[in-house]
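Descriptive structure summary
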Amino acid sequence: MLEVKGVCAGYGRVQVLWDVDLTVSANEIVALVGPNGAGKTTLLRALSGMVPIRDGSVTFLGEDITGRSIERIVDLGISHVPEGRRLFPGLTVKDNLRLGGWRNRNTDIDRVIDLFPKLGDRLSQVTGSMSGGEQQMCAIARGLMGKPDLIMIDELSMGLAPVIVEEIIGRLADIAASGTAVLLVEQDVDAALTVAERAYVMETGRVVMSGNAGVLLADPRIQQSYLGIA
Amino acid sequence: MTGFLQATVYGLLQGGLLALVAVGFSLVWGVMNVVNLSHGAFVVLGAYVGWQLNTSLGLDPFLGMVIVALVLFCIGYAVQRFLINLVVNGPIFITLLLTFGLELLLVQGMNIVFTANYQSIPTSYAGNAIVLGGIQVPLGRLLAFLLAVGITVLLVKVMANTRIGMSIMATGMDRGAARLMGIRARHVYALTFGIATALAGMAGTMVGTVGTFNPAAAGGFTLLSFVIAVLGGLGNMYGAMVGGLLMGLVQAWGGYYLSGTWVNALAFLVLVIVLMFRPSGLVGKAFYAARVEV
């Protein structure tokens, strides 16, 4: 469904991504892990059009989306839950969700509330005053309001308690099963590789390992570098 | 006492009109972080369009306002889409320079086309007055006041309850996140500017019916808009209303008790005092505190 071939991208004169290849199939959960500064966030930003792609190509559902505008890529069915969540802080949960469905005029918030029932009690609360976990739920729910074919979630666990992370990550399988593939960028390698089917490991702007998530999880190099198992 | 009441009534009526002059300025500043120095020129341009419709077609200015709004909306939309959008993400100094240049162009252009003579848009009824307990309420001013307040309230409702309003609000809070929702930020900016110039133009036409105007008045309207927007709270449309009414009252009372030149000093004194005690304006900044710069 999503096919990334030889993508190079960066900011100004600094090149961050070098020749990145990656694929995501329909209804699949794919994890993207790696240390800080590996280029994971930049890759998501390049895929959603926030960072210009210098070389290589991105194909989504058979259409070349390299160099397309952010808005056009959203139209085609890629939703990006950005780093730091970027909710509209002065607005309520309900308004944030409605804005998520702005483009496709989707006002049916029940579907995403089913996924995150906690949000149901918070509909009229201003998002700026909610806990980090609730904000992340709201951000993902907002991303799903556009009924995307692919949702890209950046740093899902950032600043959240492990129990909350587990709760949110537990919903990813439901999201994938309902027809939205998930590309998950995550620092919590253990959690990410457990929920994902396939994974990519990035270091200094390049994909250094990829494959079945279970196999990667058992790989001694992963265990040593990311899981602290000697 | 009657003199004071008369000044108060006059100030309130004038204040409502000033609110409509300023509300677009505040909207543009709040949503795009652009201090639009050409705002006053659009007020005057609106007055001239209304005047032209009246002199050549005999159209009543309060009806002609609809056409004025349409014309000014189109001009504003194009100016933002093809000009200000080019630098809207640049440092505020660049947008200040650009809108300042635009103001010069518009004002000099109007000087050439309409001459620098004072004009006004005459109606048969604007000069008539209702007399309530010895206080004169001129019909034209009352009509302008009611319309100005009505339009401002309508604008607030549109912002809060419609699809377009929501997209404008979201873009004002976080442009990047709004784009990730599929909202066309460039189009939204152009719409916002178009709405602002349409409101300015309508206000201008009404200014023309209750008083006189010439191209040189543009700078004064920009300055007033600035003071009113900051007084009420940036980007806050009700703030512009409160700021406008206060400014109208201050000017009227100042004019009643003090000699002419002191009135402007008084207006700024009020601004300084308000900001000392309420730095975010009387009503509070709208999404300014919550805004994210990308």
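From a predicted model like this one, the values you see are computed outputs, not experimental measurements.

Cut-offs used in this document
- Residues numbered from 1 in each chain as written.
- Chains lettered and ligands numbered in written order.
- Predicted model: local features only at pLDDT ≥ 70, side-chain atom pairs only at ≥ 80, totals over all residues.
- Heavy atoms only, no water.
- Pairing = 2+ DSSP bridges.
- Helix = DSSP H or I, 4+ residues; strand = E, 2+ residues; numbered from the N terminus.
- Contact = heavy atoms within 4.5 Å.
- Axes fitted to C-alpha atoms, helices over the stretch in contact; angles between N-to-C directions.
- Salt bridge = Lys/Arg side-chain N within 4 Å of Asp/Glu carboxyl O.
- Buried < 20%, exposed > 50% of the residue type's maximum accessible area, 1.4 Å probe, protein only.

1. Description of the sheet that holds strand β2 (residues 14-24) of chain A
All names here are of chain A. Reading across the sheet, the four strands line up as β2-β1-β4-β5 and stay open at both edges, with antiparallel pairing between neighbours. Pairing within the sheet leaves two strands with one partner each, and these edge strands are β2 and β5 (63-64). The pairing of strand β1 (residues 2-11) with β2 spans seven bridges and is classified as antiparallel. Note on β2: the bridge partner recorded for Gly10 is Gln15. Along the sheet face, helix α1 (residues 40-47) touches β1, β2 and β4 (53-60) and points at about 70° away from the line of β2.

2. Some thoughts on the pattern of salt bridges
Throughout the structure, instances matching the rule amount to 13 salt bridges over all chains. A salt bridge links A:Arg86 to B:Asp174, with the nearest nitrogen and oxygen atoms 2.6 Å apart. A residue pair is termed interchain when its members come from two chains, as with A:Arg86 in the loop between β6 (78-81) and α3 (93-100) and B:Asp174 in the loop between α6 (163-173) and α7 (175-180). One exposure class covers both A:Arg86 and B:Asp174, and it is buried. Its salt-bridge partner being A:Arg171, residue A:Asp174 comes within 3.3 Å of it at the nearest N-O pair. On the criterion of helical spacing, the pair formed by A:Asp174 and A:Arg171 is a turn pair, its members being three residues apart in helix α7 (residues 162-177). Here A:Arg171 falls in the partly exposed class, since its relative accessible area comes to 26%. Through salt bridges that share partners, A:Glu63, A:Arg68 and A:Arg72 make up one connected network.

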